[in-house]
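Single-letter residue listing:
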Amino acid sequence: MIRLEDLHKTFLVKDKRTHAQRRIEAVRGISLEVGPGEIYGLLGPNGAGKSTTLRMIAGLMRPDRGRIEVCGVDTVRRPEEARALVGYLSTDLGVYSRFTPRELLRLFGEFQGLDARVAERRGMHLLEELDLMDFADVRMEGFSGGQKQKVSIARALLHDPRVVIFDEPTTGLDVLTAKTVLDLLRVMKAEGRAVVVSTHVMPMVEAICDRVGIIFDGGLHGDAPPREILARWGVGSLDEVFFKLAEARA
Ligand SMILES: Nc1ncnc2c1ncn2[C@@H]1O[C@H](COP(=O)(O)OP(=O)(O)OP(=O)(O)O)[C@@H](O)[C@H]1O
Ligand SMILES: [Mg+2]
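Engineer: What exactly am I supposed to notice about the overall build of the protein chain here?
Structural biologist: Of regular secondary structure, the protein chain possesses nine helices and 10 strands. Over its C-alpha atoms the protein chain spans a radius of gyration of 19 Å, differing by no more than 12% from the 18 Å that the globule rule assigns to 250 residues. Along the first, second and third principal axes, the C-alpha atoms of the protein chain reach 55 × 45 × 40 Å. Counting only residues that meet the buried cut, the protein chain has 38% of its 250 residues in that class. If you take every contact in the protein chain between residues at least 6 apart in sequence, the share linking residues at least 24 apart comes to 68%.

Next comes the structure, spelled out in structure tokens:
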């Protein structure tokens, strides 16, 4: 359902003080596949290239090299079609505080050309699943971080995407709210969607991910079920895999 083949992405950044240009090789040759009904966990330290990879899958950024296919659609050649297939949650929550969740979802339904009644039904169903129905008609200006996150999640899933790409969906959430989000991801899995989720929360990975890939220095390590990864490295936790990778680099 999702197929990445030898993805590369380099950024050129300029140091404002010295005017020197620097190349940041954010993604160096990542290949992976995620099937229907599978949850893939993408791990890696800060700046490893997780968000960059997810943005490329969502069709929001072009790779310099490599191929990405989502349900057989090439996201570089047919980005609009790909975007219709993908529900993408980014780490910066784009909620308009003057709107209520219902109004925001209605607006996004219109943007995506959805039938108004279908969008309303699905939007309210998602708010229900996320335990936010009581706030459906409250302006979002006073919303907590977790409430905003839930609205962003509902927005990402409104168009019933077959592929779900969530960048750090539980960061900053309390354990109860995080569980609500994980339960929703389990529903996505049961419905046969392909899910890729990036996170720093290891217990979450162990709880819901079928397979895990660790991006380290731009390359992908692991790419196996969590338990298999622990056995392969001979460690008791995924944190220790990070430490081993860091040691190997030093
Ligand atoms: N638009 C951009 N322009 C320039 N550099 C970028 C851009 N996007 C990402 N980078 C750089 O690419 C590298 C990878 O960034 P990315 O956001 O993918 O990391 P990440 O794994 O998501 O990290 P985190 O865990 O902190 O979210 C970083 O060094 C970052 O500074
Ligand atoms: Mg990131």
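Engineer: Looking at this structure, I do not really get helix α5 (residues 145–157). What am I missing?
Structural biologist: Residues separated by three or four positions in an α-helix point in the same direction, a consequence of the helix having 3.6 residues per turn. Taking 1.5 Å of rise per residue, the 13 residues of α5 would be expected to cover 18 Å, and the 19 Å separating its terminal C-alpha atoms lies within 8% of that figure. Where α5 is buried, its residues contact β6 (86–89), α3 (101–111), α4 (116–129) and α6 (175–190).

Engineer: Any chance you could explain the site of ligand 1 here in plain terms?
Structural biologist: As a matter of local geometry, ligand 1 sits amid Phe 11, Val 13, Ile 24, Ala 26, Gly 44, Asn 46, Gly 47, Ala 48, Gly 49, Lys 50, Ser 51 and Thr 52. Broken down by secondary-structure element, the contributors of at least two residues to the shell around ligand 1 are β1 (2–14), β2 (21–34) and α1 (50–57). Looking at the shell around ligand 1, the element that brings in the most residues is α1, giving three residues. The class makeup of the residues in the shell around ligand 1 is five nonpolar, six polar and one charged.

Engineer: Help me out: how do you make sense of unusual backbone geometry in this one?
Structural biologist: Peptide bonds are mostly trans, and most non-glycine residues show a negative phi. Here Asp 6, not a glycine, exhibits a phi torsion of approximately 50°, which is positive. Positive phi outside glycine occurs at Glu 168, with the angle close to 45°. The class of Glu 168 is buried, set by 20 C-beta atoms lying within 10 Å.

Engineer: Can you walk me through the pairing of strand β8 (residues 194–198) in this structure?
Structural biologist: Within a regular strand, the side chains alternate between the two sheet faces. Burial analysis of β8 places five of its five residues in the buried class, which makes it a mostly covered element. Burial of β8 is two-sided: the residues Ala 194, Val 196 and Ser 198 facing one way and the residues Val 195 and Val 197 facing the other way are all buried. Of the strand pairs in this sheet, strand β7 (residues 163–167) and β8 are connected by five bridges, and their pairing is parallel. Bridging across to β8, Asp 167 finds its partner in Ser 198. Handedness of the crossover joining β7 and β8 through α6 is recorded here as right-handed.

Criteria and thresholds
Residues numbered from 1 in each chain as written. Chains lettered and ligands numbered in written order. Predicted model: local features only at pLDDT ≥ 70, side-chain atom pairs only at ≥ 80, totals over all residues. Helix = DSSP H or I, 4+ residues; strand = E, 2+ residues; numbered from the N terminus. Rg over C-alpha atoms; globule rule 2.2 N^0.38 Å. Buried ≥ 20, exposed ≤ 12 C-beta atoms within 10 Å, placed from the backbone. Contact = placed C-beta atoms within 7 Å. Expected span 1.5 Å × (residues − 1). Near = placed C-beta within 6 Å. Nonpolar A, V, L, I, M, F, W, Y, C, P; charged D, E, K, R; others polar. Pairing = 2+ DSSP bridges. Right-handed = clockwise from strand over helix to strand, strands pointing away.

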